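# Geometric and topological summary
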Amino acid sequence: MRSMRRGIKEMDILLTAYADANLAGMDAQKLDLYDQLLHENDQDLYQWVTGQVAAPLSFSALIAEVAQTHQNK
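The present account deals with the structure reproduced in this document. Computed from a predicted structure; not experimentally measured.

### Thoughts on the overall build of the protein
Along the backbone of the protein there are 4 helices and 0 strands. Ordering the α and β elements of the protein from the N terminus gives α-α-α-α. In the protein, the proportion of contacts linking residues at least 24 apart, taken out of those at least 6 apart, comes to 52%. With an accessible surface of roughly 4,600 Å², the protein has 51% of that area assigned to carbon and sulfur atoms.

### Some thoughts on the packing of aromatic side chains
Taken as a whole, this structure holds 2 aromatic pairs when the rule is applied. A centroid spacing of 5.6 Å and a plane angle of 40 degrees characterise the contact between Tyr18 and Tyr34, whose relative ring orientation is tilted. Remark: Tyr34 occurs in helix α2 (residues 28–38) and Tyr18 occurs in helix α1 (residues 9–22); sequence separation between them is 16 residues. Both residues of the pair, Tyr18 and Tyr34, belong to the buried class.

Rules used throughout
Numbering of residues starts from 1 in each chain and follows the order in which that chain's sequence is written. Totals for whole chains, interfaces and linings use every residue, but because this is a predicted model, local features are given only for residues with pLDDT of at least 70 and side-chain atom pairs only at 80 or more, for both listing and counting. Side-chain metrics in this entry use all non-hydrogen atoms of the structure; hydrogen atoms and water are not considered. A run of H or I in DSSP counts as a helix once it spans at least four residues, and a run of E counts as a strand once it spans at least two, with each numbered from the N terminus. Any two residues whose heavy atoms approach within 4.5 Å at even a single point are treated as in contact. Note on areas: Shrake-Rupley with a 1.4 Å probe; residue coverage comes only from the protein chains shown. Under the pairing criterion, centres of Phe, Tyr and Trp rings, with the six-membered ring standing for Trp, must be within 6.5 Å; the plane angle then separates stacked pairs below 30 degrees from edge-to-face pairs above 60, leaving the rest tilted. Partly exposed residues are those whose accessible area sits between 20% and 50% of the maximum for their type, while under 20% is buried and over 50% is exposed, using a 1.4 Å probe and protein chains only.

Structure, rendered in structure tokens:
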């Protein structure tokens, strides 16, 4: 639910698609990281996902996966 109700529609779309495709297969560590990501500001997340600003190292691999979700469709 937290992936769907972000605040800006673009992040709703991106994170909902990512969650639908990946949540069921995530281990506890990845779920914790995703939970931490969901606490970040939408404006920052959007800039990270679109490559406008480099994501923090702790989120860089996860952000790349989120960005790749729509590119693979």
